[in-house]
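Summary of structural features
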Amino acid sequence: MMDVKEIRKYLPHRYPFLLVDRVLALEPGESITAIKNVTVNEPFFNGHFPDHPVMPGVLIVEAMAQAAGVLGFKTMDKGPEDGSIYYFVGADNLRFKRPVVPGDQLQLDAKVISERRGIWKFDVRASVDGETVSSATILCADRKV
């Protein structure tokens, strides 16, 4: 398990854009299960949508990419302090199944599909209470900063 203090060692994101609160399981080179607690205090709910708050789909995808980023960095045993950054560079087969609302706990699962010349491919899934809310194949690029 990783708490947010350790997660911050592997992701350069900070409030309000850090979207991984906890890592429940991680097997380097294989998979990760992480959590994003969705609260009504999230800044995006002020405008999306005030009378019917829904987490923006792009932020769900970003949360999945951040979880995949932690998996990639832990697999490579390096992080941003080593002069490396993970860019989200693509998504295929992206689907949304249902809205994510305040009070939901978003489970983020990512599995490594492949890695070639610093380009990582992950199978990702976000779920709430075991029900899939989004899934995709995403690409991340490990680059020097």
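Above this text you will find the structure in question.
Residues numbered from 1 in each chain as written. Predicted model: local features only at pLDDT ≥ 70, side-chain atom pairs only at ≥ 80, totals over all residues. Heavy atoms only, no water.

Points about the sheet that holds strand 1 (residues 22-27)
Definition in use: Note on pairing: two strands pair once DSSP finds at least 2 bridges between them. Strands here are runs of E lasting at least two residues and helices are runs of H or I lasting at least four, both read from the DSSP assignment and numbered beginning at the N terminus. Axis lines are fitted through C-alpha atoms, for helices just across the contact stretch, and the angle between N-to-C directions can take any value from 0 to 180 degrees.
Read across the sheet, six strands follow the order 1-2-4-5-6-3 without closing on themselves; strand pairing throughout is antiparallel. Two strands close off the open sheet at either side, each with one partner strand: strand 1 and strand 3 (84-96). Looking at each pair of strands side by side, their axes are set apart by 25° on average, direction ignored. Bridge count between strand 4 (residues 105-116) and strand 5 (residues 119-128): nine bridges; the pairing is antiparallel. Across the sheet, residue Q107 finds its bridge partner in strand 5, namely S127.

Considerations on the nonpolar core
Rules: To qualify as a nonpolar core, a set must consist of buried Ala, Val, Leu, Ile, Met, Phe, Trp, Tyr and Cys residues joined through side-chain atoms within 4.5 Å. Relative accessible area decides the class of each residue, using a 1.4 Å probe on protein chains only: under 20% of the type maximum gives buried, over 50% gives exposed, and in between gives partly exposed. Should any heavy atoms of two residues lie within 4.5 Å, those residues are counted as being in contact.
Within the largest apolar cluster, 39 residues are counted, with the highest numbers of intra-cluster contacts made by M55, L106, L108 and F122. Counting only elements with at least two residues in this core, the list comes to helix 1 (4-10), strand 2 (31-37), helix 2 (57-76), strand 4, strand 5 and strand 6 (131-144). Examining the composition of this core, we find that 11 residues originate from one element, helix 2, more than from any other. Discounting residues that sit within four places of it in the chain, F122 has contacts with A68, L71, G72, Y86, K111, V112, I113, A136, T137, I138 and C140.

A short note on helix 2
Selection rule: In this analysis, the expected span of each helix is defined as 1.5 Å times one less than the number of residues it contains.
In this model helix 2 runs 29 Å from its N-terminal to its C-terminal C-alpha over 20 residues, within 8% of the 28 Å that 1.5 Å per residue would give. Positive backbone phi, at 55°, marks D77, one or two positions downstream of helix 2.

Looking at the side chain of D104
The topology assignment puts D104 in the loop between strand 3 and strand 4. Beyond its immediate sequence surroundings of up to four residues, D104 is in contact with K36, N37, V38, R98, P99 and V128.

What to know about unusual backbone geometry
With an omega of 0°, the peptide bond between Y15 and P16 qualifies as cis. The omega torsion of the bond from H48 to F49 falls at -10°, within 30 degrees of zero and hence cis. Secondary-structure assignment places F49 in the loop between strand 2 and helix 2. In the Ramachandran plot, D77 falls in the positive-phi region, its phi being about 55° despite a non-glycine side chain. Locating D77 in the fold gives a position in the loop between helix 2 and strand 3.

Quick notes on the side chain of Q66
By secondary structure assignment, the location of Q66 is in helix 2. Dropping the residues within four chain positions of it, Q66 is found in contact with L11, H13, F17, L18, L19 and V20.

Some details on a nonpolar patch on the surface
Heads up, the condition is: Patches in this entry comprise residues that are over 30% relatively accessible and not in a salt bridge; like charges within 9 Å are linked, as are nonpolar side chains (Val, Leu, Ile, Met, Phe, Trp, Tyr) within 5 Å. Computed with the Shrake-Rupley method and a 1.4 Å probe, the accessible areas treat only the protein chains shown as cover for residues. Just to be clear on terms, a salt bridge is a Lys or Arg side-chain nitrogen sitting within 4 Å of an Asp or Glu carboxyl oxygen.
Together, Y87, V89 and V145 line one region of the surface with nonpolar side chains, adding up to about 310 Å² of accessible area. Tracing the backbone shows V145 in the segment after strand 6.

A closer look at the pairing of strand 4
Strand direction decides the pairing type here: strand 2 and strand 4, joined by seven bridges, are antiparallel. Opposite K36, over in strand 4, you have L106 as the bridge partner. Taking the residues between adjacent antiparallel strands as the criterion, strand 4 and strand 5 are bridged by two residues, where R117 takes a positive phi near 50°.

A closer look at the packing of aromatic side chains
Convention followed: Pairs were defined over the aromatic rings of Phe, Tyr and Trp, the Trp ring being its six-membered one, requiring ring centres within 6.5 Å. Orientation was assigned from the angle between planes: stacked under 30 degrees, edge-to-face over 60, tilted for the rest.
All chains considered together, the criterion is met by four aromatic pairs. Look at Y86 and W120: their rings are 6.4 Å apart centre to centre, the planes differ by 50°, and that puts the pair in the tilted class. One end of the pair, Y86, is in strand 3; the other, W120, is in strand 5, with 34 residues separating them in the sequence. An identical accessibility class is assigned to Y86 and W120; each is buried. Among the aromatic residues, those joined into a ring-pair cluster are F73, Y86, W120 and F122.

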